[in-house]
Structure formats: C-alpha cells, structure tokens
Amino acid sequence: MPRIKLLIALCLFSMPSRAQILGELRGQITDASGATLPGARITLTQLANGVSQARQTTSTGEYSYTHLDSGTYSVSVEQTGFSRLERSGITITT
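Here goes a summary of the coordinates provided. Residue positions are given per chain, counting from 1 as you read along its sequence in written order. Only residues with pLDDT of at least 70 are given local features in this predicted model, and only at 80 or more are side-chain atom pairs given and counted; all residues enter the totals for whole chains, interfaces and linings. Computation of side-chain values covers all heavy atoms of the structure but excludes hydrogens and water.

**A short note on the packing of aromatic side chains**
Point 1. Ring geometry is summarised as follows: Phe, Tyr and Trp rings, the Trp one being its six-membered ring, pair when their centres sit within 6.5 Å, and such pairs are stacked at plane angles under 30 degrees, edge-to-face over 60 and tilted between the two. Applying the stated criterion across every chain yields a total of 1 aromatic pair.
Point 2. Centroid distance Tyr63 to Tyr65: 6.2 Å. Interplanar angle 65°. Geometry classified as edge-to-face.
Point 3. Relative accessibility decides the category of a residue: with a 1.4 Å probe and only protein chains considered, values under 20% of the type maximum give buried, values over 50% give exposed, and everything between is partly exposed. Residue Tyr63 is classed as buried on the basis of its relative accessible area, which comes to 5%.

This is how it looks when you write it as structure tokens:
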C-alpha cells in the first residue's frame, strides 16, 4: 500500500485576540512521488486534553488550523488507497 509523505509547515503567528495569542499549523500532503493529495482527512489532536479537529485537504493538498492554543499535538492523515500516517510531538508555542 502506498505511503503518504507528511509535509508540515508550522506557521506561528502572534495575533492578539482578546488578550490571548494563538498559533497556527499549515501544511501540504503529498504522496511518495510528490503528487498532492486532495481530499485527505487530516486530524489534529491536542495531546494534553484529547480534543481533536478534523479537516480535508484542499484541491492542492493543503490544510490549515488556526487559533490553536500552545501545547503538543499529533497529526494523522488518512486517504483511500494509502496507509494511515500519524506524527506526534508537534509543539505549538505562542
């Protein structure tokens, strides 16, 4: 079964919002050949409290999560025809 290559680009922005500063996580999902994976399911989980958020990648394989609290997260990627991939220990700091 083909493997998904997870490309994570952390983009942390200091954006004041009601005296709170939040982070952001953006990335693009590609396969081993470098082709993007539109419609892949991306699940972001904050490890401290187990709260998860799910999104689908865009037509160019991109995803983004905004307004994230500081903490450690895991990201999983699922797409039909590919093995599930998970990466833990992603730290968001604000």
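**Some points on the nonpolar core**
Buried together is how nonpolar side chains tend to be arranged in soluble globular proteins.
Point 1. Core analysis: the largest hydrophobic core is formed by 15 residues, its most contacted members being Leu25, Ile42, Leu44, Tyr65 and Leu68.
Point 2. Where this core is concerned, the elements lending two or more residues are strand S3 (20–31), strand S4 (41–46), strand S6 (62–68), strand S7 (71–78) and strand S8 (85–92).
Point 3. Every residue pair with non-hydrogen atoms within 4.5 Å of one another is taken to be in contact. Excluding its chain neighbours within four sequence positions, the residues that come into contact with Leu68 are Leu22, Gly23, Glu24, Leu25, Leu44, Gln53, Tyr73, Ile92 and Thr94. Nonpolar cores are built from buried Ala, Val, Leu, Ile, Met, Phe, Trp, Tyr and Cys residues. Side-chain atoms within 4.5 Å join them into one set. Working definition: helices are DSSP H or I runs of at least four residues, strands are E runs of at least two. Numbering for both runs from the N terminus.

**Here's the deal with the sheet that holds S8**
The strands making up a sheet are joined through hydrogen bonds of the backbone, oriented either antiparallel or parallel.
Point 1. A strand pair is defined by DSSP finding two or more bridges across the two strands. Read across the open sheet, the 4 strands follow the order S5-S4-S7-S8; overall the sheet is antiparallel. Because the sheet does not close on itself, it has two edges, and the strands there are strand S5 (52–56) and S8. Strand-to-strand twist across the sheet, computed as the mean angle between neighbouring axes with direction ignored, equals 20°.
Point 2. Pairing geometry for S7 and S8, over 6 bridges, is antiparallel. By the bridge assignment, Val77 is partnered in S8 with Leu85. To obtain each axis, a line is fitted to C-alpha atoms, and for helices this fit is confined to the stretch in contact; angles are then taken between N-to-C directions over 0 to 180 degrees.

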